[in-house]
Amino acid sequence: MKIISGPASKELAKNVSALTGYPNLSVASKIFPDGESYVRLEGDVKGEDVAIVQTTCPPMQDSRLMQLSFLADAAKRASADKVTAVVPYLAYARQDKMFLSGEGISVETIGRMLKAAGVDEFLTINIHSENALGKFPFPAKTASAISLLAQYFVEKGHKKAYALSPDKGAMYIAFEAQQVLGGNAGHLDKQRDRYTGQTTQTGKGLDVKGQTVIIFDDIISTGGTIVGAAKILRELGAAHVFAACVHPLLIGDAAKRILDADVEEIVGTDSVPGVFSKVSLAPLISKQLKGAK
Ligand code: R5P
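All values reported here derive from a predicted model rather than from experimental measurement.

Conventions used here
Residues numbered from 1 in each chain as written. Predicted model: local features only at pLDDT ≥ 70, side-chain atom pairs only at ≥ 80, totals over all residues. Heavy atoms only, no water. Salt bridge = Lys/Arg side-chain N within 4 Å of Asp/Glu carboxyl O. Helix = DSSP H or I, 4+ residues; strand = E, 2+ residues; numbered from the N terminus. Buried < 20%, exposed > 50% of the residue type's maximum accessible area, 1.4 Å probe, protein only. Domains from an automatic or database assignment. Contact = heavy atoms within 4.5 Å. Buried area = accessible area lost by both parts, 1.4 Å probe. Polar contact = N/O pair within 3.5 Å; in protein donor to acceptor, adjacent residues only side chain to side chain. Core = buried A, V, L, I, M, F, W, Y, C linked by side-chain atoms within 4.5 Å.

A. Local environment of the pattern of salt bridges. Taken as a whole, this structure holds 9 salt bridges when the rule is applied. Between Asp120 and Lys76 there is a salt bridge, with its nearest N and O atoms 2.7 Å apart. Taken together, the residues Asp120 in the loop between helix 3 (106-117) and strand 7 (121-125) and Lys76 in helix 2 (residues 61-77) connect sequence positions 44 residues apart. Since its relative accessible area comes to 29%, Lys76 is described here as partly exposed. For the salt bridge of Asp260 with Lys256, the shortest nitrogen-to-oxygen distance reads 2.7 Å. Of this pair, Asp260 and Lys256 both sit in helix 8 (residues 254-260), 4 residues apart, roughly one helical turn. Residue classification places Lys256 among the exposed positions, given a relative accessible area of 54%.

Structure (structure tokens):
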């Protein structure tokens, strides 16, 4: 197998190569003056299985999806055997059903687009809802980075911290973290208005007084969910509040708003490269690729 370094995940792809021992193949890329993307494989893939590592986080998630598609096409045209798309953060994954009439199902469109481009298999990390993958026109799976995030906190001395998910539907995330942390786990309740996008959160019956609480979520986008959760936790008497997420999109001033809300640290993974990407997905992706061979 060869690991193709997508322009959005060069560092991560290199680390996956180092851990798996699979050679790394670089990609020449540029954006034309009119905004269109160009990519070119800088090496031979004939008869090889390839894994293209390319996250599709903002900014430029559309361009990143196009780069991924163009790379899959280039690999197939260069006679690669099996093309696996490794997409740590999958854009559009939250539109996994028609919430309102007249909408489409964006994530299914992305799956069909990648299939047409030449993708044979697909791996992502903590997709928002696994339902979407079932509709992809090729074998597709999601792996979880929650235990890696929890391990980060154990190493920082927070064993037994309370693992909290910001809504009931994400309780499986808190349970995964709890397995590593060894403390309690619970959830807030969150309701979203589908027209305005506004959310309301409540923490009825939660006992976190005097505890260190780590809020675990798949995505931090505007930071609104974490800021609201932190406020409730402080009101309930939590002693320390941390935020952990797999995909730290942290749009605009989200990080500042979260830290201003007395959250002591934000920890994310390199699915979205940045200053808060303190946990690497390389070991998890490497294990998945090795297992797949
Ligand atoms: C939503 O259901 C997700 O799991 C996250 O909680 C959400 O995407 C976070 O968004 P924001 O940071 O904008 O509140």
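B. Structural view of the domain arrangement of the chain. One can read the domain layout of the chain as domain 1 (2-144 + 281-292) and domain 2 (146-270). Look at where the C-alpha atoms of domain 1 and domain 2 centre, and you get two points 28 Å apart. Contacts between the two partners involve 14 residues from domain 1 and, on the opposite side, 15 residues from domain 2. Roughly 1400 Å² is buried in total at the junction of domain 1 and domain 2, and carbon and sulfur atoms are behind 61% of that figure. The tally of links from domain 1 across to domain 2 stands at 0 salt bridges. One can count 6 residue pairs in polar contact (both at pLDDT 80 or more) joining domain 1 with domain 2.

C. Quick peek at the nonpolar core. Among the nonpolar cores identified, the biggest contains 40 residues, and Ile3, Leu181, Phe216, Ile285 and Leu289 are the most heavily contacted of them. Put simply, the parts of the chain that give this core at least two residues each are helix 1 (10-20), strand 5 (50-53), strand 7, helix 5 (146-155), helix 6 (171-181), strand 13 (212-220), strand 14 (240-248) and helix 9 (282-292). Formed jointly, this core draws a minimum of three residues from each of two domains, domain 1 (2-144 + 281-292) and domain 2 (146-270). The residues contacting Ile285, other than those within four sequence positions of it, are Leu12, Val16, Val86, Pro88, Leu123 and Ile125. Core analysis: the next-biggest nonpolar cluster, separate from the first, contains 36 residues, Ile52, Val107, Ile110 and Phe138 among them.

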